[in-house]
Amino acid sequence: MRNKIFFLSSVLFSLFVSNSELIAQQYQPLQISSGFNQDVIANGVGSPFSSSSSGIDASSYALLSTDYQFTVGGTTYSNAIPSNGMITSMDDASLTFQLNSLSANNSLRLANQNDSGVLVVSNPLAALGISVLVTSGDGASVVSGIITFTDNTTQIFSGLSIPDWYGSTALPTALWNMGRINRNTATVETPTNNPRLYRLDIDFNTSNYGKSVQSIQFTKTSSGGVANILAVSASLLGTCPPPISISAINGTSTSADFIWSSLGSEIQWEIIIQAEGSPAPGSGVSGLLVNSMTYFANFLQPGIGYDVYVRAVCFGSEYSIWSGPFNYYTPPANDNCSLPTTIPVNTGADCLQVVSGAFLGSTVSSEPNYCGATNNGDLWFDFTATSDVQTISLSNFAGPALPIVMTVYEGNDCSSLTQIFCSSVNYITATSLIVGQTYYVRTSINSSNTDHATTFDICVSTPDITSGDSLECLIETINSDFETPAFPSGTGWYNHNQVQGWRTTASDEVIEMWNNFQGVTAYSGNQFIELNANMSSGVYQDYETPVSTTFNFGFAHRGRLGTDSCGLYVGPPGGPYTLIFTASTGNTEWQYYTGSYTIPSGQTQTRFIFEAISTATGDLSVGNFLDAISFTANNGILSDNPVVLECDNNTADLILAGGVGTWIAHSDNPSPTVIEGVNSNTPVITGFLEPGVYKYDWTNLYCSTTLEINFSGNNVPAPEVEDITYCLGQTAVALEAVALEGYTLNWYTVAQDGTPLSEAPIPDTSVAGTTIYYVSQSSEASTCEGPRVPLIVTVNNPVSFTINGECEGVNYWLTVEGEFSDAVLYSWTNSANMILSEDSSFNVSSYLAQNSGISIPEGGITFYLDINDNGCESQSEFTVESVFCSIPRGISPNGDGLNDEFDLTGMNVDKLSIYNRYGKTVYEFSGDYTKEWKGQTNNGNNLPDATYYYYIKTREGKSYTGWVYVNKEY
């Protein structure tokens, strides 16, 4: 966006180097009638100590003049300060400085931090700025000050650095190479290009162009350096003065009229409008020529900053310097009600979706009824309610900490808005909203501050409301745990305008938050506050209390460096406040305090404020940690909601509501009832006939909330049950069923009549078979009982089986014999309890072949089988001593991976001998043989294709002989 704007500016104002004559800047020394406090220049004949009062630095080195001689006829110094005090700046021959008399005080010398002095001008001149002749001894120094004009207006300058008088290029050098003299020894030093006097320019603000200087106050703000102010010259207005008072009127998000005033008689001007922060145009750069002191720019973009420069075109093709920049921000797109920014509604209480707002460029909308005493610019948003209660909050502030107020409106369009909620604490709980209806939110600056560079995020969320509660009738504390704004561990110092809910009476408006700092963790959440940041003050939150109500309060308190004490005070905003609770706590752990307070009648707004009473250090701004502060007052229904009436009870008499209000029955209730005490907090409702849900509204000055009464009549339902299965001999537990809240279970062994068991039965699992039990439920408050429902208990016999091991072809298998149901589950495992298979049979040969590191040891290898049939489990095991099923008749060791080896795996061979047809031994192997012979000799040479004879001996002592054919072609 910024690149696009610069492009537009470049097209409209084609910049080029002007061939016109540019006026050189003119200067004239200002005469200082008073204010110099030291003579820092040795002149005339004699000791420098007698002709100067101080050195430039603290080491008593002073300047000297061209007429200085220690004795008559002595050495003079031609490069020294001119004896007439007139200095022409080295960098600009048009700039001259006139020193005060060399025999009088000629420097405003500021040696210490906060030293200050005022130079009074006797020849005020209309100017664009001033150039000051300065230097600093013993290092650089920093000055600030105030320029007072003859019309008694002022301009402040601050943080201006004056370089050390040796070797610096930080400012333009006005004079150098003039030497210095030690006032105590009269020793003169003349180093090349040193010492140096510098030119310090102070430009006037555009609004001060053409004004005359009456006086200049200088204050040294640094601790280091010795500042010397030696002379002042005015940058004259000249014959072609620059325009003044650039401003904008009739601004929209895409256009504005820029206007200015003239100090001269010119009739033409040039204007440049460019992106904010772009380099200022030089004297040889031209802009768009206009013939009046106004220009309409219709190419602007919403919410963007621009720098505007204007210069005069004078007679004789002369140009003034550029005036500016005038910084202008176009209003943001949502600067008016007709173009609000839509806020997405979060489905929960967390602000996962937000939109941003930026006040730069904002103007005051014409719609009435905004919150706050001042509106210095506003932004508009809207949202569509998804719940009857929504929270609107501001967070993530940046820029100046301005007070912002939010106003929520209802209405079909901007011409018919009705204010329904207002907040100055960055948080609103909006109640009684209509789902699907769109509401407007206006954020406005409640301050006359002209710096609008404030940004924020705005969020609409949906609070979690427990069933039966009414958030509309519940007064709650905002940001009770001080979790907003969130920051990393340490301390956060926030202006209270950037905090939700809380405000402070401190004049600096700072609230100090902590997060896991100095070994102190929060009582609740992650953050807490120290009661006073920089000064003794109060931290408070205000509550609307249109009628008398009782608040319950609670807060966590802890000392910081010992035992601290704070007080909780209450009263209307502005006081007087009454101390209602005092908390004194050490610094080893948090203490949580509670209490209650009844608001007096007629106090329509109430402030609860915490103030320090004492601290361990004696400094009221150090200590008193607070967290988890809660002030709640419920003017809704306080008793259980909904109320449940049993079949034999048609009177509701345990009802309690808060505040002062009226009960109204819903017209669509199942049947008419009688309310005894329609204006009472404890009514009695009678006459329930038809089963169903009855509703009654409790309406007071705060809200309207609904009580529900569930009348069950004589229809008690059966409890919920699940049949259960056991194995023979398995340990059984007492039977269970699910009953309604407030009901008890009744267990029987018969479907009708009979006496209920004293407790839930425990099934007998010693005999296989099926047993049926029966259960009902009845209200604990009555004798009403519902129908009985059966619960079937089945006891199954354990599963019985055997494991067989046998060869099938060349593979050795374990198989199972037994009678099982269709739901049977198998699990073969090894001694490490690793599951090997979940089939009814298990291929041992394949298992060993796939696990080359596993062999059958002496005594065999054991496998285990677990069978689960209808929840009944049994286990057995089988030891395999050998999986050998046949000796190969031939091998084809050609490397194709098929029948390459003489494989005797599982035969437990510990010796193998191979003979040729002549009876000669060609290969022998002793040890744990599996499949090492691949048709090779003992030397590793391949044997020719032929028939060979073997001798095999196993670890069990068995021996085998026979023949094997070697054929590499297959």
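Procedures and definitions
Residues numbered from 1 in each chain as written. Predicted model: local features only at pLDDT ≥ 70, side-chain atom pairs only at ≥ 80, totals over all residues. Heavy atoms only, no water. Helix = DSSP H or I, 4+ residues; strand = E, 2+ residues; numbered from the N terminus. Rg over C-alpha atoms; globule rule 2.2 N^0.38 Å. Buried < 20%, exposed > 50% of the residue type's maximum accessible area, 1.4 Å probe, protein only. Lys, Arg positive; Asp, Glu negative; His and termini not counted. Charge placed at Lys NZ, Arg CZ, Asp CG, Glu CD. Core = buried A, V, L, I, M, F, W, Y, C linked by side-chain atoms within 4.5 Å. Contact = heavy atoms within 4.5 Å. Pairing = 2+ DSSP bridges. Disulfide = S-S within 2.5 Å. Phe/Tyr/Trp six-rings, centres within 6.5 Å; stacked < 30°, edge-to-face > 60°. Lys NZ or Arg CZ within 6 Å of the ring centre and 35° of its normal. Salt bridge = Lys/Arg side-chain N within 4 Å of Asp/Glu carboxyl O. Polar contact = N/O pair within 3.5 Å; in protein donor to acceptor, adjacent residues only side chain to side chain. Patch = residues over 30% accessible without salt bridge, like charges linked within 9 Å, V, L, I, M, F, W, Y side chains within 5 Å. Areas by Shrake-Rupley, 256 points an atom, 1.4 Å probe, with all protein chains shown as cover.

### What to know about the overall build of the chain
For step 1, the next point in the chain: A count of helices and strands for the chain gives 3 helices and 70 strands.
For step 2, the next point in the chain: By the compact-globule yardstick of 30 Å for 970 residues, the chain is too spread out, its C-alpha radius of gyration being 49 Å.
For step 3, the next point in the chain: With the C-alpha coordinates aligned to their principal axes, the bounding extent of the chain is approximately 135 × 110 × 65 Å.
For step 4, the next point in the chain: Considering the chain as a whole, with its 970 residues, one finds that 46% of them fall into the buried category.
For step 5, the next point in the chain: The distance from the centre of the 27 positive side-chain charges to the centre of the 89 negative ones in the chain is 19 Å.

### Remarks on the nonpolar core
For step 1, the next point in the chain: Counting residues in hydrophobic clusters, the biggest one holds 34 residues, and the most contacted among them are Ile-130, Val-132, Ile-147, Val-213 and Phe-218.
For step 2, the next point in the chain: Contributions of two or more residues to this core are made by strand E8 (108–110), strand E9 (116–121), strand E10 (126–137), strand E11 (141–149), strand E12 (154–162), strand E16 (196–203), strand E17 (211–220) and strand E18 (226–236).
For step 3, the next point in the chain: Those residues within four positions of Ile-147 in sequence are excluded, and the remaining contacts are Ile-130, Thr-153, Thr-154, Gln-155, Phe-157, Ile-202, Phe-204, Val-213, Ser-215 and Ile-216.

### Considering the pairing of strand E24 (residues 305–314)
For step 1, the next point in the chain: Most of E24 sits out of view: 10 of its 10 residues are buried.
For step 2, the next point in the chain: Both strand E21 (residues 268–275) and E24 contribute to a ladder of 8 bridges, which runs antiparallel. In the sheet register, Glu-270 faces E24, and the bridge partner there is Arg-311.
For step 3, the next point in the chain: Relative to strand E26 (residues 323–329), E24 runs antiparallel, the two being bridged by 5 bridges. Note that in E26 the partner of Val-308 across the bridge is Phe-326.
For step 4, the next point in the chain: Where E24 and strand E25 (residues 318–319) come together, 2 bridges link them in antiparallel fashion. Bridge pairing in E25 links Cys-314 to Glu-318.

### So, the state of the cysteines
For step 1, the next point in the chain: Scanning all chains against the criterion turns up 5 disulfides.
For step 2, the next point in the chain: Cys-351 shares a disulfide with Cys-459; S-S distance 2.1 Å. Its S-S torsion of about -95° marks the bond between Cys-351 and Cys-459 as left-handed, since a negative value means left-handed. Placement of the pair is Cys-351 in the loop between strand E27 (341–342) and strand E28 (355–358) and Cys-459 in strand E35 (residues 455–461), with a sequence separation of 108 residues.
For step 3, the next point in the chain: Judged by relative accessible area, Cys-351 falls into the partly exposed class, the value being 37%.
For step 4, the next point in the chain: What makes Cys-459 buried here is its relative accessible area of 1%.

### Re the sheet that holds strand E52 (residues 684–686)
For step 1, the next point in the chain: The 3 strands are arranged E49-E52-E51 in an open sheet whose pairing can be described as antiparallel. Either end of the sheet is taken by a strand with one partner, and the two such strands are strand E49 (651–652) and strand E51 (674–676).
For step 2, the next point in the chain: Where E49 meets E52, 2 bridges bridge the pair, whose relative direction is antiparallel. Counterpart to Thr-651 in the pairing with E52 is Thr-686.

### Quick look at the packing of aromatic side chains
For step 1, the next point in the chain: Within this structure, the stated rule accounts for 46 aromatic pairs.
For step 2, the next point in the chain: An angle of 85° between the planes, with centres 5.8 Å apart, marks the rings of Phe-555 and Phe-581 as edge-to-face. In this pair, Phe-555 is assigned in strand E42 (residues 550–558) and Phe-581 in strand E44 (residues 578–585), connecting sequence segments 26 residues apart.
For step 3, the next point in the chain: A residue is classified by how much of its surface remains accessible, and Phe-555, at 1% relative accessible area, is buried.
For step 4, the next point in the chain: Taken together, a centroid distance of 5.0 Å and an interplanar angle of 75° make the contact between Phe-555 and Phe-610 edge-to-face. Here Phe-610 lies in strand E46 (residues 605–614) and Phe-555 lies in strand E42, a separation of 55 residues in the sequence. Each member of the pair, Phe-555 as well as Phe-610, carries the same accessibility label: buried.
For step 5, the next point in the chain: Ring pairing ties together the aromatic residues Tyr-543, Phe-551, Phe-553, Phe-555, Phe-581, Tyr-593, Tyr-597, Phe-608, Phe-610 and Phe-631, which thus form one cluster.
For step 6, the next point in the chain: Cation over ring: Arg-607 sits above Tyr-540, and NZ or CZ is 3.7 Å from the ring centre.

### Concerning the sheet that holds strand E41 (residues 538–544)
Within a beta sheet, neighbouring strands are joined by backbone hydrogen bonds and run either parallel or antiparallel to one another.
For step 1, the next point in the chain: Taken in spatial order, the 5 strands make up an open sheet running E38-E41-E46-E43-E44, and their pairing is antiparallel. The sheet is open, and its two borders are formed by strand E38 (503–504) and E44, each paired with just one other strand.
For step 2, the next point in the chain: Strand direction decides the pairing type here: strand E43 (residues 564–571) and E46, joined by 7 bridges, are antiparallel. Paired with Gly-571 across the strands is Arg-607, a residue of E46.

### As for the environment of Thr-173
For step 1, the next point in the chain: Mapped onto the elements, Thr-173 comes out in strand E13 (residues 173–176).
For step 2, the next point in the chain: Overall, the relative accessible area of 13% leaves Thr-173 in the buried class.
For step 3, the next point in the chain: Contact partners of Thr-173, with chain neighbours within four places excluded, come to Ser-89, Met-90, Asp-91, Ser-168, Arg-196, Leu-197 and Tyr-198.

### Digging into the pattern of salt bridges
For step 1, the next point in the chain: Enumeration over the complete set of coordinates arrives at 13 salt bridges.
For step 2, the next point in the chain: One salt bridge in this structure joins Glu-189 and Arg-180, with 2.9 Å as the shortest N-O distance.
For step 3, the next point in the chain: Given a relative accessible area of 26%, Glu-189 falls into the partly exposed group.
For step 4, the next point in the chain: You can call Arg-180 buried: its relative accessible area is 12%.
For step 5, the next point in the chain: Between Asp-378 and Arg-442 there is a salt bridge whose closest N-O contact spans 3.2 Å. Separated by 64 residues along the polypeptide, Asp-378 in strand E29 (residues 378–384) and Arg-442 in strand E34 (residues 438–445) bring together distant segments of the chain. Here Asp-378 and Arg-442 have matching classes, each one buried.
For step 6, the next point in the chain: When salt bridges that share partners are traced, they join Asp-91, Asp-92, Arg-199 and Asp-201 into one network.

### Re the environment of Thr-755
For step 1, the next point in the chain: Position of Thr-755 among the secondary structure elements: in the loop between strand E56 (743–748) and strand E57 (769–779).
For step 2, the next point in the chain: Take Thr-755: its relative accessible area is 66%, and that puts it in the exposed class.
For step 3, the next point in the chain: Separated by 17 residues in the primary sequence, Thr-755 and Ile-772 have C-alpha atoms spaced 16 Å apart.

### What about the side chain of Ser-320?
For step 1, the next point in the chain: Within the element layout of this structure, Ser-320 appears in the loop between E25 and E26.
For step 2, the next point in the chain: By relative accessible area, Ser-320 is classed as buried at 6%.
For step 3, the next point in the chain: From its side chain, Ser-320 meets the backbone nitrogen of Ala-312 in a polar contact 2.8 Å long.
For step 4, the next point in the chain: Those residues in contact with Ser-320 that lie beyond four places of it in its chain are Cys-240, Pro-241, Pro-242, Pro-243, Arg-311 and Ala-312.

### A short note on a nonpolar patch on the surface
For step 1, the next point in the chain: A cluster of nonpolar residues, Tyr-949, Trp-963 and Tyr-965, forms a patch on the protein surface that exposes about 300 Å² of accessible area.
For step 2, the next point in the chain: Take Tyr-949: it is sitting in strand E69 (residues 946–954).
For step 3, the next point in the chain: Here Tyr-949 falls in the partly exposed class, since its relative accessible area comes to 37%.

### Quick look at unusual backbone geometry
For step 1, the next point in the chain: A cis amide bond, omega 5°, links Gly-324 with the succeeding residue Pro-325.
For step 2, the next point in the chain: Checked against the element boundaries, Pro-325 lands in strand E26.
For step 3, the next point in the chain: Cis geometry is adopted by the peptide bond preceding Pro-576, which originates at Gly-575 and carries an omega value of 0°.
For step 4, the next point in the chain: Counting through the fold element by element, Pro-576 comes out in the loop between E43 and E44.
For step 5, the next point in the chain: Backbone geometry places Asn-114, a non-glycine residue, at a positive phi of 80°.
For step 6, the next point in the chain: Structurally, Asn-114 is set in the loop between E8 and E9.
For step 7, the next point in the chain: With a phi close to 65°, Asn-193 is a non-glycine residue in the positive phi region.

### A word on the side chain of Ser-778
For step 1, the next point in the chain: Inspection of the secondary structure puts Ser-778 in strand E57.
For step 2, the next point in the chain: For Ser-778, a relative accessible area of 10% translates into the label buried.
For step 3, the next point in the chain: At 3.4 Å, the side chain of Ser-778 forms a polar contact with the side chain of Asn-746.
For step 4, the next point in the chain: Ignoring anything within four residues of it in the chain, the contact list for Ser-778 reads Tyr-743, Thr-744, Asn-746, Cys-784 and Glu-785.

### A short note on the pairing of strand E19 (residues 244–249)
For step 1, the next point in the chain: In terms of strand pairing, E19 meets strand E20 (residues 256–261) through 4 bridges, oriented antiparallel. Following the sheet pairing, Ser-247 is matched in E20 by Ile-259.
For step 2, the next point in the chain: As consecutive antiparallel partners, E19 and E20 are separated by 6 residues, and within that stretch Asn-250 has a phi angle of approximately 55°, a positive value.

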